[in-house]
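Architecture at a glance
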Amino acid sequence: MKKRVIKVLSYIIVLSISALLSCKKTETATPIGPPPPVEDSFSRQTVGITAQKIDTKGNISDYLLYIPDGYNEKKSYKWPVVFFLHGVGEMGNNVNVLRNVGLVKVAGGKPFVIIAPQCLSGWWNPQYLDILYKEVLAKYHVDPTRVYLTGLSMGGFGTWDWSSARPEKFAAIIPISGGGDVNRMPNLKGMPIWAFHSADDPTVNVSNTRMLVNALKALGNNVKYTEYPDGGHDAWTRTYANANVYTWLLAQHK
């Protein structure tokens, strides 16, 4: 009886081992690895400069959009974006006048998206600019850590005003021939800034920029400041023609 039980148990063990070996032979291993890269989905845009509409329910209803070469092909790359604010002479309801002004005038070949709103009347208002900002980041394939702001004359004032009201929105600013509220400079204590002005500016006195720069330096901000000895109110043509300006700007990240 004992021998019979041992024989049965041995038979069961042999069958179990055979079944186990059979499963191992037929089992197909599933490779484990990183998931395939997912391309960002975004709308194709017309390369170059086009006019766009926006409903801010305020004094901005149009803006010029510059899309650089390669924008539609580089599907995994998020582009830097520069907001450009014009001066009082370009105020109105014909957005195409901005094509020959400041940063937009030299847009060709630039490796970033440009957003140039037109102020219908009054003054640059951060409330309405915020609406534009939100739409741009949602609509275009841009990098939220590389959003920059620049402007000339009234747009220089607008650059100081908007950035000091919403410093978290920008990686760096370039105000030209403008001015602002010195009491709001603590809001820009950590902001990378390169300011420009002409010493002989007859329209916006250079003291407007000097005062803000000195306040920032007192706060510990390593602000860059270029003061041209001449050139009158137009401190922007030389600035936007300077390749070093863009090298510095694009090196800044939030």
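Our subject in this report is the structure included herewith. (Residues numbered from 1 in each chain as written. Predicted model: local features only at pLDDT ≥ 70, side-chain atom pairs only at ≥ 80, totals over all residues. Heavy atoms only, no water.)

1. Regarding the overall build of the chain
Where we set the bar: In this text, helices come from DSSP runs of H or I with a minimum length of four residues, and strands from runs of E with a minimum of two, each type numbered from the N-terminal end. Relative accessibility thresholds used throughout: buried, under 20% of the residue-type maximum; exposed, over 50%; partly exposed, between the two (1.4 Å probe, protein chains only). When checking whether two residues touch, look at their non-hydrogen atoms; a contact exists if any pair is within 4.5 Å. The Shrake-Rupley method, run with a 1.4 Å probe sphere, supplies the accessible areas, and residue values consider only the shown protein chains as cover.
A tally of helices and strands in the chain yields seven helices and eight strands. Out of the 254 residues in the chain, the part that is buried amounts to 46%. If you take every contact in the chain between residues at least 6 apart in sequence, the share linking residues at least 24 apart comes to 69%. Just so you have it, the chain exposes about 13300 Å², and 56% of that area is on carbon and sulfur atoms.

2. Digging into unusual backbone geometry
Positioned with a positive phi, lysine 57 is a non-glycine residue whose angle comes to about 60 degrees. For lysine 57, the position within the fold is in the loop between strand 1 (48-53) and strand 2 (60-67). Its relative accessible area of 72% is what places lysine 57 among the exposed residues. Even without being a glycine, serine 153 presents a positive backbone phi close to 55 degrees. Mapped onto the elements, serine 153 comes out in the loop between strand 5 (142-152) and helix 4 (154-165).

3. A closer look at the nonpolar core
A general trend in soluble globular proteins is that nonpolar side chains are found buried together. Selection rule: By nonpolar core is meant a set of buried Ala, Val, Leu, Ile, Met, Phe, Trp, Tyr and Cys residues that side-chain atoms within 4.5 Å join together.
In this structure, Phe83, Val113, Ile115 and Trp160 are the most contacted members of the largest nonpolar core, which totals 38 residues. Residue assignment for this core shows that the elements contributing at least two residues are strand 2, strand 3 (79-85), strand 4 (113-119), helix 3 (126-139), strand 5, helix 4 and helix 5 (207-218). It is helix 3 that contributes the most residues to this core, five residues altogether. Sequence-distant contacts of tryptophan 160, defined by excluding residues within four places in its chain, comprise Ile173, Pro175, Gly178, Gly179, Gly180, Met185, Leu188, Ile193, Ala195, Leu212 and Leu216. Counting residues in hydrophobic clusters, the runner-up holds 30 residues, among them Leu103, Leu152, Ala172 and Trp194.

4. Considerations on the pattern of salt bridges
Filter applied, for reference: Between Lys or Arg on one side and Asp or Glu on the other, a salt bridge is scored when a side-chain nitrogen of the former is within 4 Å of a carboxyl oxygen of the latter.
Applying the stated rule across the entire model yields five salt bridges. With a closest N to O distance of 2.9 Å, lysine 53 and aspartate 62 form a salt bridge. For lysine 53, a relative accessible area of 63% translates into the label exposed. In this structure, the salt-bridge partner of arginine 166 is aspartate 130, at a minimum N-O distance of 2.5 Å. Here aspartate 130 lies in helix 3 and arginine 166 lies in the loop between helix 4 and strand 6 (172-176), a separation of 36 residues in the sequence.

5. So, the packing of aromatic side chains
For clarity, the threshold we go by: Note on aromatic contacts: the rings of Phe and Tyr and the six-membered ring of Trp form a pair at centre separations within 6.5 Å, being stacked when their planes are under 30 degrees apart, edge-to-face when over 60 apart, and tilted otherwise.
The tally for this structure, following the rule as stated, stands at 14 aromatic pairs. Ring geometry for phenylalanine 84 and tyrosine 240: centres 6.0 Å apart, planes at 80 degrees, overall edge-to-face. Of the two residues, phenylalanine 84 sits in strand 3 while tyrosine 240 sits in helix 6 (residues 236-240), which places them 156 residues apart along the sequence. Comparing phenylalanine 84 with tyrosine 240 shows no difference in burial state: the two are buried. Ring centres of phenylalanine 112 and tyrosine 246 lie 5.9 Å apart, and the angle between their planes is 35 degrees; this geometry places the pair in the tilted category.

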